[in-house]
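What the coordinates show
The residues making up each chain are set out below.
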Amino acid sequence: MTQQVNGPEITMQAGEDLIAFRRVQISGETVVYADAADYGIGTVQAAVDYSENANACIRLDNAGSSKMMASGVITAGAKTYAAADGKIAATGTKLIGTALDAASANGDIIEVLPHVATQQSSSSSSSSSSSST
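Residues numbered from 1 in each chain as written. Predicted model: local features only at pLDDT ≥ 70, side-chain atom pairs only at ≥ 80, totals over all residues. Heavy atoms only, no water.

Concerning the overall build of the protein
Within the protein, the secondary structure is distributed over zero helices and ten strands. Reading the protein from its N terminus to its C terminus gives the helix and strand order β-β-β-β-β-β-β-β-β-β. Burial status across the protein gives 38% buried among its 133 residues. Nonlocal contacts in the protein, meaning residues at least 24 apart in sequence, comprise 51% of its contacts between residues at least 6 apart. Counting every atom, the protein has about 7200 Å² of accessible surface; 49% of that belongs to carbon and sulfur. (Helix = DSSP H or I, 4+ residues; strand = E, 2+ residues; numbered from the N terminus. Buried < 20%, exposed > 50% of the residue type's maximum accessible area, 1.4 Å probe, protein only. Contact = heavy atoms within 4.5 Å. Areas by Shrake-Rupley, 256 points an atom, 1.4 Å probe, with all protein chains shown as cover.)

Written as structure tokens, this is what we have:
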């Protein structure tokens, strides 16, 4: 079994109650769960009670492997995708990373290697030129 190594983390105010190891995104000046249509910025490292105006410790996606909560069965070595409420799934449209462990049920915590380079906007363009002699 793999283990995430503690590394770069940021602290931001929670915009809702948050459960550990779920993906989050920025909403205004707070963080909230990233859903199936969202890449997010990282994962919450400990549960946060929104009613206490608490800050969330976020492990950034570019920090290496990270623990994430599965929404169902995921095979070790398989691609993982964004799912509702900050979870990951075996299928979807937003590629999140590669599962380093297997999940057998909803709520399992597994190690994932995020695919940060694939989580970029497709709005950038490139140009090429050719020359003839």
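Right, picking up where we left off after that structure.
So, the confidence of the model for the protein
Taken over all residues, the pLDDT of the protein has a mean of 87, while the share at 70 or more is 82%. The low-confidence segment residues 121-133 (pLDDT under 50) makes zero contacts with residues lying over four places distant or belonging to another chain. (pLDDT = per-residue confidence, 0-100.)

Observations regarding the sheet that holds strand E1 (residues 9-14)
The pairing of strands in a sheet happens through backbone hydrogen bonds and is either parallel or antiparallel. Pairing in this closed barrel of five strands is mixed, and the strands run E1-E3-E2-E4-E5 around the ring. Between one strand and the next, the sheet's axes are offset by a mean angle of 55 degrees, whatever the strand orientation. Relative to strand E4 (residues 42-44), strand E2 (residues 23-27) is paired through two bridges, and the arrangement is antiparallel. Across the sheet, residue Val24 finds its bridge partner in E4, namely Gly42. (Pairing = 2+ DSSP bridges. Axes fitted to C-alpha atoms, helices over the stretch in contact; angles between N-to-C directions.)

Things to note about the sheet that holds strand E10 (residues 109-114)
The strand order E6-E10-E9-E7-E8 describes an open sheet built from five strands, whose pairing is antiparallel. Each edge of the open sheet is held by one strand with a lone partner, namely strand E6 (66-69) and strand E8 (88-89). Where strand E9 (residues 95-99) lies against E10, three bridges are found, and the strand directions are antiparallel. The residue bridging Ala99 from the neighbouring strand is Val112, located in E10.

Details of the environment of Val116
On the secondary structure map, Val116 appears in the segment after E10. For the pair Val116 and Leu95, spaced 21 residues apart in sequence, the C-alpha separation works out to 9.4 Å. Other than its neighbours up to four places away in sequence, Val116 contacts Asp61 and Asn62.

What about unusual backbone geometry?
Here the phi dihedral of Phe21 falls at roughly 70 degrees; this positive angle occurs in a residue that is not glycine. As for its position among the elements, Phe21 is in the loop between E1 and E2. You will see that Asp85, though not glycine, has its phi angle at about 55 degrees, which is positive. Tracing the chain through its elements places Asp85 in the loop between strand E7 (79-82) and E8. A relative accessible area of 41% means that Asp85 is categorised as partly exposed.

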